[in-house]
Amino acid sequence: MLSELARSAAAVIPLAAGTTIALALTRLIHPKAGADVSPSQPGRVATTPYRRWIRELGRLLPELIVETDARGFIRLVNDGSLPLAVAGRRSLLEGTPVTDLVHPSQRAGFATLLDEARCALAPASGEFELAVAGHAGIPARVVAAPILGSGRNKVRGLRCVFTDISSERRSRARLDHQRTASAAITKILRSISAASDGEMDEALARALVAVGGLATIDRCFVGRLQDDRQSLRWEFTWAAEGVEPVTAAQLPPKLSALPWLQPQVSAGHIVHIEDVAAMPIAAAAEKERLLRQETRSALIIPMFQGGRIAGLFAFHSVRSVGHWIDEDVELLETVGQILANAWQRRQADQERDAAEQALKRSEERVRLLNERLERRVDTATAELRAANEALSDSEARYRRIIESLGERFIFYSHDTDLRFTFVSPSYQRLTGVMDTDALQLRLREWMDLPCNDAARHRLESMLAGRRPPPFDLLVPLPGGEPQVLEIHATPVLGAGGCVLSVEGVARDVTDDRRNAKLVIEANQALLEAEKMAALGAMVAGVSHEMATPVGIGVTAASHLADLCREGTQGLHDGNLTRSGLESLLESMVQAAGAVQANLGRTADLIQNFKQVAVDQSRAHERAFDLAEYLDEIVQSLQPRFKGTAFSLVVDCPPGIVTNGDPGALYRIVTNLVMNSLEHGFDEMLTGSIDIGVRRHEAGIVIDYRDDGRGMTREQRKRIYEPFYTTKRNRGGTGLGMHIVWSNVKHAFGGSITCASTPGRGTKFTITIPQRVEASHVEGET
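Source: prediction; values computed, not measured.

Participant: For this particular structure, what's the right way to read the overall build of the protein?
Facilitator: A count of helices and strands for the protein gives 21 helices and 22 strands. When contacts within the protein are restricted to residue pairs at least 6 apart in sequence, long-range pairs at least 24 apart make up 59% of them. With an accessible surface of roughly 42000 Å², the protein has 54% of that area assigned to carbon and sulfur atoms.

Rendered as structure tokens:
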């Protein structure tokens, strides 16, 4: 019997333990005679030798060994030493169904496995979750083998071996994770390699979505270090769906803002912050920033280029703490380097495209210039084309092109002593100087002229190695106004940083400057005409407004005269009674009151008109109260609102006194109001305008709002351009908002901004420096 059991155990239990197990089986395979190893009653335990054999075998093997009777009740359990062991609980398990050892949801499948072993008279195996008290949820591989009787065809029970496969599953999951990560990296590489210039952003976003699914990444940022090796430019940010994004403005602007991280990333170390809440005291600045962004874990990977740190690649976990294993960290580091390289490639492609576009624009300008030259000098253009086709040397071709550029350009090169090494022939016609030596002397004379002080300073800046913006050089010509040359020049530096020469282009812009002056004068004339037109419109409006009270006053005065004649006549005739006299006096008081009220209204209108008219006709700076002057402006604008459903409301606290040109304020307010009436409320029946004034640390702020049609983005961009109007065919001049901008800018030294959306009205915010504070403040005497 024991030999049979040993053979069965050998068939079920793998001999991974080597010779030790073999020796144990050899010693225990012949127990003392008379040992009963097959109790027939449920719950009855085996005799001592066999139990000792099972127990010692259990100590040598990590598996849990269970034997059952024919009905499936446990009759023997070993003392195993691993987590699957149930030492101390053996008495509780013996006599219970063996199916109770697995999870209830898997007991039907376990019973099927046991039936398969009984029926086939051969071992059967499967994987189940154990449900032993204190060890629930442990995955195990179960091998069940039948225990045969002496007839070799009768099953007296089952021997089940339970093997803990937790580590095997973990290894399998890690292997699957590595395979998935490898496939993801391969896919990312293929996606980025195949992406064109315009598809790179989308490819980067897809890559981060794939990585986020593998390593629970919620946000990602790419920051590039600037030339000072401190400033960070965050060029790419990404957030998973449902996660609050973090903008570039919320990220640290410099490495110095990360005092704890800076030395680590500068040394090339990857920083894995598993739990932000547990960061050390030394990382207080970084911890506060990350917690404000609701970040729970972070991984910061430095990017290197040419052996120096070039930027940062940061990953955030928001929805859960990122318990990233070493494989995840290596995966993110690999992806970070891939994406960093892709980003660098994207930047290089963008810079190349920008350079190509600039080159194309330059080529287009040269093409247009050549076309103009061809129309003027057909013969010279034909010679130039023939010379270009014949020349193979690029420098000679370039020089010939320069020398052939005719009328308004001078190409030149000179050293630090102003000695010309090259000048295109056009200098003779433009400057009247016939050789380069004389040109050198004349240039020094021109630079010493007071009118060329700015040009002299720019030349000195170039000789010091700096590239200045374009500047004008005035060239005096005999018997005429000076020639104006616009200079575009740059210094040429040697290997040591010293200036070798200056290369430049001088363009004759005399006509351009003259035409610009004429345009400015014409614009000023139009503005003055617009001012006079506004004054005329105001005069007409005030005249119309005065007609009503004057007419009422005349009528009331005429009635009063009639009453006087009637009373005098009654007195002479002797038929004037006391009651008649009282009625007559009451009527005369009413008529006199009407005359007085309407003449007072007329006087107020005349006074307001005089004040505004004087301010309109000439610039006159004075101290004035904003609230009082805005009331005067509103009264002068009332005729524009009469008979309409449009309203104008002003909210200005008293006591705000400033010094400036009140006429400019009148032009600002009236043009804004007219712009709303003519454009904002176009084709609308009702509308409201609100003007609010408030004090601000920068001075005085005027908020102007209307609830009209609003403007498009293109209209907002061009609203202050002179002559820009959307109603050219309906009498619009396009000067109203330019007048507003000009008065805010030049009369008050302030600024104006516009916010508008189609269908949602328009808001203008005007900021005016308060150059003179109020002479009295509310609450003081």
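Participant: Any chance you could explain the pairing of strand β11 (residues 409-414) here in plain terms?
Facilitator: When you tally the buried positions in β11, you get five out of six residues, the bulk of the element. Bridge count for β11 against strand β15 (residues 499-508) is six bridges, and the pairing is antiparallel. Bridge assignment links I410 to a residue of β15, and that residue is A506. Bridging between β11 and strand β12 (residues 420-423) involves three bridges; their strand directions are antiparallel. Following the sheet pairing, S413 is matched in β12 by F422.

Participant: What exactly am I supposed to notice about the pattern of salt bridges here?
Facilitator: Two side chains carrying opposite charge are able to pair once their charged atoms lie near each other. Per the counting criterion, the structure on display carries 20 salt bridges. With a closest N to O distance of 2.0 Å, D562 and R565 form a salt bridge. One end of the pair, D562, and the other, R565, are both in helix α16 (residues 510-573), three residues apart, so they sit about a helical turn from each other. Residue D562 is classed as partly exposed on the basis of its relative accessible area, which comes to 36%. According to the relative accessible area criterion, R565 is exposed, its value standing at 52%. Between E721 and R718 there is a salt bridge; the shortest N-O distance is 3.2 Å. On the basis of relative accessibility, which here comes to 34%, the residue E721 falls in the partly exposed class.

Participant: Is there a simple way to think about the confidence of the model for the protein in this case?
Facilitator: Low-pLDDT portions of the prediction should not be read for the details of their coordinates. Across the protein, pLDDT averages 76, with 72% of residues at or above 70. Taken as a whole, residues 1-47 scores under 50 in pLDDT and shows 71 contacts with residues more than four places along the chain or in a different chain. Throughout residues 772-781 the model reports pLDDT below 50, and contacts reaching past four residues in sequence, or to other chains, amount to eight contacts.

Participant: What's the story with the nonpolar core in this structure? I'm lost.
Facilitator: Across soluble globular proteins, you tend to see nonpolar side chains buried next to one another. One finds L665 and F764 to be the most contacted residues of the largest nonpolar core, which totals 41 residues. For this core, the secondary-structure elements that each account for two or more residues are α18 (626-641), β17 (645-651), α19 (662-680), β19 (686-696), β20 (699-706), α21 (736-747) and β22 (762-768). Residue contributions to this core peak at nine residues, all from α19. In this view, F764 contacts L672, I702, D703, Y704, M711, I719, Y720, M737, I752, T753 and C754; residues no more than four positions away in its chain are not counted.

Participant: Looking at this model, I keep getting lost on the sheet that holds β22. Mind explaining?
Facilitator: In a beta sheet, neighbouring strands are held together by backbone hydrogen bonds and run either parallel or antiparallel to one another. Taken in spatial order, the five strands make up an open sheet running β17-β19-β20-β22-β21, and their pairing is mixed. Two strands lie at the open edges of the sheet, namely β17 and β21 (751-756), each paired on one side alone. Neighbour to neighbour, the strand axes of the sheet diverge by 10° on average, direction disregarded. Relative to β19, β17 runs parallel, the two being bridged by seven bridges. Bridging from a neighbouring strand, S647 pairs with S688 of β19.

Participant: Got a minute to help me understand the pairing of β20 in this structure?
Facilitator: Residues in a regular strand project their side chains so that they alternate between the two faces of the sheet. Among the eight residues that make up β20, seven are buried, leaving the element largely enclosed by the rest of the structure. Pairing of β19 with β20 involves eight bridges; the strand directions are antiparallel. Across the sheet, residue R695 finds its bridge partner in β20, namely I700. Linking β19 back to β20 in an antiparallel pair, the connection comprises two residues. Summarising the sheet, β20 and β22 pair through seven bridges and their orientation is antiparallel. Bridging across to β22, I700 finds its partner in I768.

Participant: What am I meant to see in the sheet that holds β15 here?
Facilitator: In space, the five strands of this open sheet follow the order β12-β11-β15-β14-β13, with antiparallel pairing throughout. The open sheet is flanked by β12 and β13 (471-475), the only strands paired with a single partner. Here the strands of the sheet are splayed against their neighbours by 25° on average, with no regard to which way each runs. Relative to strand β14 (residues 483-493), β13 is paired through five bridges, and the arrangement is antiparallel. Pairing of L473 across the sheet is with L485, part of β14. Across the sheet, helix α14 (residues 436-447) is in contact with β12 and β13; its angle to β12 comes to roughly 100°.

Participant: Explain unusual backbone geometry here, please?
Facilitator: With the exception of glycine, most residues fall at negative phi, and the peptide bonds are largely trans. Residues other than glycine seldom take positive phi values, yet L121 does so here, at roughly 55°. Within the fold, L121 resides in the loop between α5 (107-120) and β3 (124-130). With relative accessibility at 37%, the residue L121 sits in the partly exposed group. A positive phi angle, close to 65°, is found at R229, a residue other than glycine. Checked against the element boundaries, R229 lands in the loop between β6 (219-225) and β7 (232-239). When its relative accessible area of 29% is taken as the criterion, R229 is described as partly exposed.

Participant: Just checking my understanding: could you explain the packing of aromatic side chains for this structure?
Facilitator: Aromatic ring pairs are defined here through the distance separating the ring centres and the angle between the ring planes. Scanning all chains against the criterion turns up nine aromatic pairs. With 6.4 Å between their ring centres and 25° between their planes, F409 and F411 make a pair best called stacked. Exposure remark for F411: the relative accessible area of 15% places this residue in the buried category. Residues Y412 and F420 carry aromatic rings whose centres are separated by 6.3 Å and whose planes lie at 80° to one another, so their mutual orientation is edge-to-face. For Y412, a relative accessible area of 11% translates into the label buried. An aromatic cluster is built from F110, F128 and F162, whose rings are joined through pairwise contacts.

Participant: For this particular structure, what's the right way to read a nonpolar patch on the surface?
Facilitator: A cluster of nonpolar residues, L571, L576, L581 and L585, forms a patch on the protein surface that exposes about 350 Å² of accessible area. Mapping L576 onto the fold places it in the loop between α16 and α17 (578-617).

Participant: What's the story with α18 in this structure? I'm lost.
Facilitator: In an α-helix, one turn spans 3.6 residues, which is why side chains three or four residues apart end up on the same side. Taking 1.5 Å of rise per residue, 16 residues should cover 22 Å, and α18 covers 22 Å from first to last C-alpha, within 8% of that figure. The axis of α18 is deflected most strongly, by about 30°, at Q635, and proline P639 appears within four residues downstream. Taken residue by residue, α18 has L626, A627, Y629, L630, E632, I633, V634, S636, L637 and F641 as its buried positions. N-cap assignment for α18: the residue whose side-chain oxygen lies 2.9 Å from the backbone N of A627 is D625. Positioned one or two residues after α18, G643 has a phi angle of 80°, which is positive.

Conventions we followed
Residues numbered from 1 in each chain as written. Predicted model: local features only at pLDDT ≥ 70, side-chain atom pairs only at ≥ 80, totals over all residues. Heavy atoms only, no water. Helix = DSSP H or I, 4+ residues; strand = E, 2+ residues; numbered from the N terminus. Contact = heavy atoms within 4.5 Å. Areas by Shrake-Rupley, 256 points an atom, 1.4 Å probe, with all protein chains shown as cover. Buried < 20%, exposed > 50% of the residue type's maximum accessible area, 1.4 Å probe, protein only. Pairing = 2+ DSSP bridges. Salt bridge = Lys/Arg side-chain N within 4 Å of Asp/Glu carboxyl O. pLDDT = per-residue confidence, 0-100. Core = buried A, V, L, I, M, F, W, Y, C linked by side-chain atoms within 4.5 Å. Axes fitted to C-alpha atoms, helices over the stretch in contact; angles between N-to-C directions. Phe/Tyr/Trp six-rings, centres within 6.5 Å; stacked < 30°, edge-to-face > 60°. Patch = residues over 30% accessible without salt bridge, like charges linked within 9 Å, V, L, I, M, F, W, Y side chains within 5 Å. Expected span 1.5 Å × (residues − 1). Bend = angle between axes of the 7 residues up to and from the residue. Polar contact = N/O pair within 3.5 Å; in protein donor to acceptor, adjacent residues only side chain to side chain.

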